[in-house]
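# Observations on chain architecture
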Amino acid sequence: MSGVSGNENDRRLMAAAIRLSRRHLGLTGTNPSVGCLIVRDDGNGQQIVGRGVTALGGRPHAETQALEEAGEAAHGATAYVTLEPCAHHGRTPPCSEALITAGIARVVGAASDPDPRVSGKGYAMLRNAGIQVLEGILAEEAADLLAGYLIRSIKKRPEVTLKLALSVDGKIGRAGQGQVRITEETARRQVHLMRAEADAILIGIGTALADDPLLTCRLPGLEGRSPTRIVLDRDLRLPPASTLARSAPEVPLWVTAAKDVSPERRAALLAAGAELLGVETFEGHIALPELLEDLAARGISTLMVEGGAFTAGEFLGEGLVDRLCLFVGPGEIGGQGIASPIDLDHIPSGFAKRREARFGGDLYFEYVRA
Ligand code: AOF
Ligand code: ZN
């Protein structure tokens, strides 16, 4: 049955389901944010009779919510789902079973689910019940938004997105000058949207000390979607009076600390409301693969690395970057500038361009590991 090829209409409706799935990115815990549309055609054109996106915290799943909205209208309808419907009795009964019970006639799926309880089994259950199943429609587009979930499931670490803002001459700032404006307002808002969709954001202590950033999402209406903020700081040099530490009671702040850090420094940051993450060090550097494993175990699926050059270089050097997001401003910084570890002419091998855009006067380029 999977031989039935998807037509333009299937792709259009799957694209709509994918857009819907974006709504709860970063809000579904360790569960992926899945989108589902139930569509029927009674001869008067197609009608979307049910829609669902994985609920906040991860449950209920997308399908059961879409089926609930559709009610009787689900009978004989087509379900579009961005991820293979689940087949397991987890904290909720299997969505495949719910689709069968509701009398769905056809299921169009995008990405497959690497969860061993589901992988291949969801589609098989549907087929065994006589449902026509079409897999892999816009699979790449769906997987792009599910990347955090997919990478965490397969590699046991979060998806790492490295975001850099570069001047046209490839610099990311000026030494000793704190935050330097490279891009404009529209690009800044895009970065805040990326923060809203990420589980966590990470910077090195050098950037924390030089810039004293806040690292929250400050888009109107999305203030509650700030990610957990993480500072790589083996010696706990982050001052309790820093903007990050002072905002710790409102937005989670995790600071890494090596075993030998003084109890006084620990106590000061704990008192500010920060949480300390024990880290292993290797030749004086924080062991990033182990840290990422710990973050995944704490439920972080998407990690945005926002600075600076040293930290970016460490993640790149260890091959731990999955997605590169480069914002390029129109101005030059010149010889005094801090060189970016990468620029448009030096994209590491293995990355392919996924999209490019213009945000006001700034350019945007996104690459993903092939
Ligand atoms: C779906 N639809 O909307 C989502 C799915 O702990 P549980 O019972 O919630 O199951 C978690 C698993 O369910 C997760 O690993 C993934 O395989 C699937 N997520 N499945 O049918 C959804 N979010
Ligand atoms: Zn499910």
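The structure displayed is predicted, hence computed values, not measured ones. (Residues numbered from 1 in each chain as written. Chains lettered and ligands numbered in written order. Predicted model: local features only at pLDDT ≥ 70, side-chain atom pairs only at ≥ 80, totals over all residues. Heavy atoms only, no water.)

So, on to the sheet that holds strand E5 (residues 132–134). Reading across from one edge, E2-E1-E3-E4-E5 is the order of the five strands in this open sheet, with mixed pairing throughout. Pairing within the sheet leaves two strands with one partner each, and these edge strands are strand E2 (46–53) and E5. Between one strand axis and the next, the sheet turns through 20 degrees on average, direction left out of account. Summarising the sheet, strand E3 (residues 78–83) and strand E4 (residues 106–111) pair through five bridges and their orientation is parallel. (Pairing = 2+ DSSP bridges. Helix = DSSP H or I, 4+ residues; strand = E, 2+ residues; numbered from the N terminus. Axes fitted to C-alpha atoms, helices over the stretch in contact; angles between N-to-C directions.)

The protein atoms donating to the zinc ion (ligand 2) are His61 (ND1), Cys86 (SG) and Cys95 (SG), with metal-donor distances spanning 2.0 to 2.2 Å. The coordination sphere of the zinc ion (ligand 2) comprises four donor atoms, whose angles at the metal cover 96 to 119 degrees; the geometry is tetrahedral. Donor residues for the zinc ion (ligand 2) sit on one chain with the sequence pattern H-x24-C-x8-C. Of the residues examined, cysteine 86 reaches a relative accessible area of 6% and is grouped as buried. (Donors = N, O, S within 2.8 Å, 3.2 Å for Na, K, Ca; no water. Tetrahedral: all angles 85-135°; square planar, octahedral: opposite > 155°, others 65-115°. Buried < 20%, exposed > 50% of the residue type's maximum accessible area, 1.4 Å probe, protein only.)

Bringing helix H7 (residues 185–197) into the picture now. Across its 13 residues, H7 extends 19 Å between first and last C-alpha, which sits within 8% of the 18 Å expected from 1.5 Å per residue. Those residues of H7 lying buried are Ala187, Val191, His192, Met194, Arg195, Ala196 and Glu197. (Expected span 1.5 Å × (residues − 1).)

Counted under the stated rule, the structure contains three aromatic pairs. A ring pair is formed by phenylalanine 359 and tyrosine 364, whose centres lie 5.5 Å apart and whose planes are at 50 degrees; its orientation type is tilted. For the residue pair phenylalanine 359 and tyrosine 364, the accessibility class agrees, reading buried in each case. Members of the aromatic cluster, joined through ring pairs, are Phe327, Phe359 and Tyr364. The ring of tryptophan 254 is capped by arginine 298, whose NZ or CZ atom sits 4.9 Å from the centre of that ring. (Phe/Tyr/Trp six-rings, centres within 6.5 Å; stacked < 30°, edge-to-face > 60°. Lys NZ or Arg CZ within 6 Å of the ring centre and 35° of its normal.)

Along strand E15 (residues 323–328), six of the six residues are buried, which leaves the element largely enclosed by surrounding structure. Side chains Arg323, Cys325 and Phe327 project from E15 onto one buried face, and the interleaved Leu324, Leu326 and Val328 project onto a second face that is buried too. Note: E15 against strand E18 (residues 362–369), six bridges, orientation antiparallel. Residue pairing in the sheet places cysteine 325 in a bridge with glutamate 366 of E18.

Right, let's get into the side chain of arginine 323. Structurally, the position occupied by arginine 323 is in strand E15. What makes arginine 323 buried here is its relative accessible area of 8%. Polar contacts involving the side chain of arginine 323 include one to the side chain of glutamate 366, which spans 2.7 Å. Excluding anything up to four places from it in sequence, arginine 323 contacts Asp144, Ala147, Glu159, Val160, Thr161, Leu162, Phe351, Arg355, Glu366, Tyr367 and Val368. (Polar contact = N/O pair within 3.5 Å; in protein donor to acceptor, adjacent residues only side chain to side chain. Contact = heavy atoms within 4.5 Å.)

So, on to the environment of phenylalanine 351. On the secondary structure map, phenylalanine 351 appears in strand E17 (residues 351–359). Sequence separation between phenylalanine 351 and leucine 316 is 35 residues, and the spatial gap between their C-alpha atoms is 12 Å. Excluding residues within four positions of it along the chain, phenylalanine 351 makes contact with Val321, Asp322, Arg323, Leu324, Tyr367, Val368 and Arg369.

Looking along the chain, the bond that leaves arginine 59 and enters proline 60 is cis, with omega of -5 degrees. Here proline 60 shows up in the loop between E2 and helix H2 (62–70). The peptide bond linking glycine 307 to glycine 308 adopts the cis configuration, its omega dihedral lying at -10 degrees. In this structure, leucine 236 is a non-glycine residue whose phi angle is positive, near 50 degrees. Summarising the element assignment, leucine 236 is placed in the loop between strand E9 (228–232) and helix H9 (243–246).

We now examine the state of the cysteines. Tallied over the entire structure, the rule returns zero disulfides. Distance from the sulfur of cysteine 36, which forms no disulfide, to the nearest cysteine sulfur (cysteine 95) is 8.2 Å. Look at cysteine 95 and you get buried, because its relative accessible area is 1%. (Disulfide = S-S within 2.5 Å.)

With that settled, the discussion passes to the nonpolar core. Among the nonpolar cores identified, the biggest contains 40 residues, and Met14, Ile38, Tyr80, Ile104 and Val107 are the most heavily contacted of them. Tallying contributions element by element places helix H1 (residues 8–21) first for this core, with six residues. In contact with isoleucine 38, not counting residues within four places along its chain, are Gln47, Ile48, Val49, Gly50, Ala66, Leu67, Ala70, Ala74, Ala77, Thr78, Ala79 and Ile104. (Core = buried A, V, L, I, M, F, W, Y, C linked by side-chain atoms within 4.5 Å.)

Turning our attention to the sheet that holds E17. Two orientations exist for strands paired in a sheet by backbone hydrogen bonds: parallel and antiparallel. With mixed pairing, nine strands are arranged side by side in an open sheet as E11-E10-E9-E8-E14-E6-E15-E18-E17. The outermost strands of the open sheet, each flanked by one partner alone, are strand E11 (275–278) and E17. Neighbour-to-neighbour, the strand axes of this sheet turn through a mean angle of 25 degrees, independent of strand direction. Taken strand by strand, H7 contacts strand E6 (159–166), strand E8 (200–204), strand E14 (302–307), E15, E17 and E18, and its axis lies near 145 degrees from that of E14.

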